[in-house]
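Commentary on secondary and tertiary structure
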Amino acid sequence: LLFVPTSYFFGMDEEANYYMVLVATAFAAIVTAFIDSSVISLAASYPLRVQEYFQFGIGLSTLIGSIYRDVTKIIFPPNMIVESSLLYFYSGAATIGLCIASY
């Protein structure tokens, strides 16, 4: 989550950064798919109430991510897409870090 926006500051040309972001995004998607599948199958072994809360948590996290993106799109003009994306990714990473620390 931190690598994708930070790659903008690595000083590479635009095409190299483009491919690096694509590879990092593909890697993150594959890892997320494995983790999500594992956690969902683990939750299936618990009572129905636990599964309900698990699904609620997934929906809530998706809502929070959508709100973050909407807010970053609203507060920045359309020509500041890099700044908007940096704030979105870093605020998401900070939120995940805060959740882990709170746990």
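Just above, that's the structure.
These numbers were taken from a predicted model, which means no experiment stands behind them. (Residues numbered from 1 in each chain as written. Predicted model: local features only at pLDDT ≥ 70, side-chain atom pairs only at ≥ 80, totals over all residues. Heavy atoms only, no water.)

**A short note on the overall build of the protein chain**
Counting its secondary structure elements, the protein chain contains 4 helices and 0 strands. If you list the helices and strands of the protein chain from N to C, you get α-α-α-α. Rg of the C-alpha trace for the protein chain: 17 Å, well past the compact-globule value of 13 Å for 103 residues, more than 25% over. C-alpha atoms of the protein chain, sized along the principal axes, occupy 50 × 30 × 25 Å. Within the protein chain, the proportion of its 103 residues that are buried is 12%. (Helix = DSSP H or I, 4+ residues; strand = E, 2+ residues; numbered from the N terminus. Rg over C-alpha atoms; globule rule 2.2 N^0.38 Å. Buried < 20%, exposed > 50% of the residue type's maximum accessible area, 1.4 Å probe, protein only.)

**So, the packing of aromatic side chains**
Applying the stated criterion across every chain yields a total of 4 aromatic pairs. Plain terms: the ring middles of Phe3 and Phe10 are 5.8 Å apart, the flat faces sit at 55 degrees to each other, and that makes the pair tilted. Accessibility expressed as a relative area gives 41% for Phe10, which makes it partly exposed. Note on Tyr88 and Phe89: the rings are 5.3 Å apart at their centroids and 70 degrees apart in plane angle, and the pair reads as edge-to-face. Lying across the ring of Tyr88, Arg69 places its NZ or CZ 5.1 Å from the centre. (Phe/Tyr/Trp six-rings, centres within 6.5 Å; stacked < 30°, edge-to-face > 60°. Lys NZ or Arg CZ within 6 Å of the ring centre and 35° of its normal.)

**Looking at a nonpolar patch on the surface**
A cluster of nonpolar side chains, Phe56, Leu60, Leu63, Ile64, Ile67, Val71, Ile74, Ile75 and Leu87, forms an exposed patch at the surface whose accessible area comes to about 840 Å². At 8 residues, helix 3 (residues 48-75) tops the list of elements feeding residues into the nonpolar patch. Relative to the assigned elements, Ile67 resides in helix 3. (Patch = residues over 30% accessible without salt bridge, like charges linked within 9 Å, V, L, I, M, F, W, Y side chains within 5 Å. Areas by Shrake-Rupley, 256 points an atom, 1.4 Å probe, with all protein chains shown as cover. Salt bridge = Lys/Arg side-chain N within 4 Å of Asp/Glu carboxyl O.)

**Some thoughts on the pattern of salt bridges**
In the structure shown here, the tally under the stated rule is 1 salt bridge. For Glu52, the salt bridge is made with Arg49, and the minimal N-O distance between the two is 3.0 Å. In this pair, Glu52 and Arg49 are both assigned in helix 3, 3 residues apart and thus about one turn of the helix distant.

**Topic: the side chain of Thr72**
As for its placement among the helices and strands, Thr72 is situated in helix 3. Of the polar contacts made by the side chain of Thr72, one reaches the backbone oxygen of Arg69; its length is 2.9 Å. In this view, Thr72 contacts Ser84, Leu87 and Tyr88; residues no more than four positions away in its chain are not counted. (Polar contact = N/O pair within 3.5 Å; in protein donor to acceptor, adjacent residues only side chain to side chain. Contact = heavy atoms within 4.5 Å.)

Keep in mind these values describe shape, not function.
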